[in-house]
Amino acid sequence: GSAAAAAAAAVALQECAAVREALDVDDLLWLQAVSLQTLPRRLLRDTWLHIAGPLGEAEAQQLAEAVAEGPPLLILLSAPSSSHLGEQLARAGAQHVVSWATDSGELPRRLFAEGFWAAVRDGELPDAAREAGKGRVRSAQTQRAGEWVPMLELADPASCGE
């Protein structure tokens, strides 16, 4: 309900603030679902676009229409299980779309975004930036029993449980 939407919006704001603080990227548009209704369509043309948090069906349709009118260069969908929307945006004309195929947590999405946008800022192409994002997730460590160990693991869901 509305409490879940408010919680998702708060998480999206925190993610945007954390990534923005970690990077100095002037050409990046930060969007959440609530800002889609007032978005000037042509504003998306040739931009980099970071979308934090899940989008409802109506918001996803609005975004696809905006992308069709002014295709961005690169979109990062930083929401769990956003690959279906990523495919929709690619069909609408987005040149490059990066999304999550699984129900990822808040921390891996934030870490990925930091590594991804830092690589883009430094001139990397989308494939290399995606690898940099994955590397940032893998490099996160925590201390257990006096030892530093990986905090997160990226794995193909099909290979889990074998």
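In the block above lies the structure referred to throughout.
Cut-offs used in this document
- Along each chain, residue indices are assigned from 1 in the same order as the chain's sequence is written.
- With the structure being a predicted model, the display of local features is reserved for residues of pLDDT at least 70 and the display and counting of side-chain atom pairs for 80 or more, all residues being used for whole-chain, interface and lining totals.
- Excluding hydrogens and water, the side-chain figures rest on all heavy atoms present in the structure.
- Secondary structure elements are taken from DSSP: a helix is a run of H or I of four residues or more, a strand is a run of E of two residues or more, and numbering for both begins at the N terminus.
- In what follows, a contact means two residues having at least one pair of non-hydrogen atoms within 4.5 Å.
- To measure how exposed things are, a 1.4 Å probe is used in the Shrake-Rupley method; for residues, cover is taken only from the protein chains shown.
- As used here, the term nonpolar core means buried Ala, Val, Leu, Ile, Met, Phe, Trp, Tyr and Cys residues forming a set that is joined through side-chain atoms within 4.5 Å.
- Under the scheme applied here, a residue whose accessible area is under 20% of the maximum for its type counts as buried, over 50% as exposed, and between as partly exposed, the area being computed with a 1.4 Å probe on protein chains only.
- One fewer than the residue count of a helix, multiplied by 1.5 Å, yields its expected span.
- Any carboxyl oxygen of Asp or Glu that lies within 4 Å of a side-chain nitrogen of Lys or Arg is treated as forming a salt bridge with it.
- Inter-axis angles, ranging from 0 to 180 degrees, are taken between N-to-C directions of lines fitted to C-alpha atoms, where helices are fitted over the stretch in contact.
- Small angles under 35 degrees read as roughly parallel and large ones over 145 as roughly antiparallel, with 65 to 115 read as roughly perpendicular and the rest as oblique.
- By definition, any crossing whose near helix is turned counterclockwise from its far helix by less than a right angle is left-handed, and any crossing with a clockwise turn is right-handed.
- Amino acids outside the nonpolar list (Ala, Val, Leu, Ile, Met, Phe, Trp, Tyr, Cys, Pro) and the charged list (Asp, Glu, Lys, Arg) are all regarded as polar, and Gly is one of them.

## Some words on the overall build of the protein
- Helices and strands together make up the secondary structure of the protein, namely 5 helices and 6 strands.
- The linear arrangement of helices and strands in the protein, starting from the amino end, is α-β-β-α-β-α-β-α-α-β-β.
- Within the protein, counting contacts between residues at least 6 apart in sequence, those at least 24 apart form 49% of the total.
- Here the protein has roughly 8800 Å² of accessible surface; of this, 51% comes from carbon and sulfur atoms.

## Here we look at the nonpolar core
- Ranked by size, the top nonpolar core spans 15 residues in total, and within it L74, L76, F112, F116, W117 and V120 carry the most contacts.
- Broken down by secondary-structure element, the contributors of at least two residues to this core are β3 (74–78), α4 (106–121) and α5 (126–139).

## Considering unusual backbone geometry
- Phi at S81 takes a positive value of approximately 50°, unusual for a residue other than glycine.
- Along the polypeptide, S81 turns up in the loop between β3 and α3 (83–92).

## Some points on α5
- Taking 1.5 Å of rise per residue, the 14 residues of α5 would be expected to cover 20 Å, and the 20 Å separating its terminal C-alpha atoms lies within 8% of that figure.
- Against β3, β4 (96–98) and α4 lie the buried residues of α5.

## Describing the pattern of salt bridges
- Counted according to the given criterion, the structure contains 5 salt bridges.
- Notably, a salt bridge pairs D122 with R121, separated by 3.1 Å at the nearest N-O pair.
- Looking at D122, the relative accessible area reads 55%, which means it is exposed.
- Assessed through its relative accessible area of 35%, R121 is described here as partly exposed.
- Residue R130 pairs with D127 through a salt bridge whose shortest N-O separation is 3.1 Å. Taken together, the residues R130 and D127, both in helix α5 and 3 residues apart, mark about one turn of the helix.
- Residue D127 is classed as exposed on the basis of its relative accessible area, which comes to 51%.

## Quick notes on the environment of L85
- Here L85 shows up in helix α3.
- Exposure remark for L85: the relative accessible area of 13% places this residue in the buried category.
- For the pair L85 and L63, spaced 22 residues apart in sequence, the C-alpha to C-alpha distance is 9.5 Å.
- Sequence-distant contacts of L85, that is, excluding residues within four places in its chain, are made with L55, A60 and L77.

## Topic: the packing of helix α2 (residues 57–69) against α3
- Viewed as axis vectors pointing N to C, α2 and α3 meet at an angle of 30°, and their least axial separation amounts to 8 Å. Relative to α3, the element α2 is oriented roughly parallel. The handedness of the crossing between α2 and α3 is right-handed. On α3, the residues that touch A60, Q61, L63, A64, V67 and A68 of α2 are L85, Q88, L89 and A92.
- The residue inventory of the contact of α2 with α3, partitioned by class, reads 8 nonpolar, 2 polar and no charged.

## Points about the packing of α4 against α5
- Between α4 and α5, whose axes approach to 7 Å, the crossing angle comes to 140°. One finds that α4 runs oblique with respect to α5. In this structure, α4 crosses over α5, and the sense of that crossing is right-handed. On α5, the residues touching P108, L111, F112, E114, G115, F116, A119 and V120 of α4 are P126, A129, R130, A132, G133, K134, R136 and V137.
- Taken together, the residues of the contact of α4 with α5 break down into 10 nonpolar, 2 polar and 4 charged.

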